[in-house]
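Residue strings, one per chain:
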Amino acid sequence: MQNKEIYKLYNIQENRNYKGINNKFICTMKGEQGIFKLPLNSGSKDHIVEEICYRLANLLQIPCVYARVRKTEYGIGVFSRFEIKSEKILIHANEIYNSIELSTEEYIKLTLLLFGEKSKILYKSIQLLAFDFLTGQIDRHLLNIAFTQTKKGTLNLYELYDNGLALYSMRDDDTAINWLNKGNYSGRMGNGEHVYEALRYALCLCNSKITNFIQLDKINYNVVLDIIQNSDRYEQIIPERAEAMAKFICRQSDKLKELV
């Protein structure tokens, strides 16, 4: 298939040329509009992890942008569907919080200040942070969090998106397996311990427990491994790495259950 034919097939309108770890194309695939991302690093697993996170979020009933690994002439990447409805507009969180980078604690405190402890936005923010802890997300910042706004001005937190930099997806097999087994991670909103303590703080303020926000009882090793294997339809993840990923998620889930 010639390049012009694949452009016609997928209706690729624009190469955004984002700075980052992959090439991103606004496109239509199978009648759905979204972004198709091709990893720049041939060894990266971020496209697969994007689908793993989507499937895992579905299992836990956390709103997440549809993501599916797909193969084109250019290579294997991931398609993420635009979920915003025409009657709403999308606002990145940096415009609401007046910052691109916040620690997890700062994000929680500002969310409380802006929306209150009874708000759905705080509820969904706790879900987001718990999910990021569960998957070892390292690239959550306020351009990777967004809100929708209705014509009347009502704000709501948009679905989780851009989740590919989790589970040490950018690392080679040996490094990823080693770090997954150690269980530590450090992201743009803080390391795992910082996220964990910020969640404890938020739950204390809400006088609630983590299982009211995320259905951790649905997580077990076999279910998570099945999600990973089903997302890896082109067999790019070696079995040892898939097993380490599943065990990491299960250990993180057990830690979250201790938040009381």
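In what follows, the accompanying structure is described. (Residues numbered from 1 in each chain as written. Predicted model: local features only at pLDDT ≥ 70, side-chain atom pairs only at ≥ 80, totals over all residues. Heavy atoms only, no water.)

### Quick word on helix α4 (residues 104-115)
Phase 1: The terminal C-alpha atoms of α4, which comprises 12 residues, lie 16 Å apart, in line with the 16 Å expected from a rise of 1.5 Å per residue.
Phase 2: Of all the positions in α4, only Thr104, Tyr107, Ile108, Thr111 and Leu112 are classed as buried. Summarising the axial view, the buried residues of α4 lie within an arc of 135°, below the 170-degree limit, and thus occupy one face.
Phase 3: Where α4 ends, the next residue or the one after it, glycine 116, has phi of about 90°, a positive value. (Helix = DSSP H or I, 4+ residues; strand = E, 2+ residues; numbered from the N terminus. Expected span 1.5 Å × (residues − 1). Buried < 20%, exposed > 50% of the residue type's maximum accessible area, 1.4 Å probe, protein only. Arc of directions from axis to C-beta.)

### Focus on the packing of α4 against helix α5 (residues 120-135)
Phase 1: At a minimum axis separation of 10 Å, α4 and α5 run at an interaxial angle of 165°. Here α4 is positioned roughly antiparallel relative to α5, judged by the angle of their axes. For the pair α4 and α5, the crossing hand works out as right-handed. Facing Thr104, Tyr107, Ile108, Thr111, Leu112 and Phe115 of α4, the residues of α5 in contact are Ile121, Leu122, Ser125 and Leu129.
Phase 2: Of the residues in the contact of α4 with α5, the class split is seven nonpolar, three polar and no charged. (Axes fitted to C-alpha atoms, helices over the stretch in contact; angles between N-to-C directions. Parallel < 35°, antiparallel > 145°, perpendicular 65-115°, else oblique. Left-handed = near helix turned anticlockwise from the far one by under 90°. Contact = heavy atoms within 4.5 Å. Nonpolar A, V, L, I, M, F, W, Y, C, P; charged D, E, K, R; others polar.)

### Looking at the side chain of aspartate 132
Phase 1: Tracing the sequence through the fold places aspartate 132 in helix α5.
Phase 2: On the accessibility criterion, aspartate 132 (5% relative accessible area) is buried.
Phase 3: Among all residues touching aspartate 132, those that are not within four sequence positions of it are Gln137, Arg140 and Tyr185.

### Some words on the environment of phenylalanine 133
Phase 1: Relative to the elements of secondary structure, phenylalanine 133 occurs in helix α5.
Phase 2: Counting along the chain gives 67 residues from phenylalanine 133 to arginine 200, while the straight-line C-alpha distance between them is 12 Å.
Phase 3: Residue contacts for phenylalanine 133: discarding those within four places in its chain leaves Tyr185, Gly192, Val195, Tyr196, Gln252, Lys255 and Leu256.

### Re the sheet that holds strand β8 (residues 155-157)
Phase 1: Taking strand neighbours across the sheet as the criterion, the three strands line up as β6-β7-β8 in an open arrangement whose pairing is antiparallel. With one partner strand each, in any of the chains shown, β6 (89-92) and β8 form the two edges of the open sheet. Recorded for the sheet is a direction-independent mean angle of 35° between the axes of neighbouring strands.
Phase 2: The sheet strands contacting α5 are β7 (146-149) and β8, and the helix crosses β8 at an angle near 20°. (Pairing = 2+ DSSP bridges.)

### Focus: unusual backbone geometry
Phase 1: Backbone geometry at lysine 30 places phi at a positive 50°, although glycine is not the residue there.
Phase 2: Residue placement: lysine 30 occurs in the loop between β2 (22-29) and β3 (32-39).

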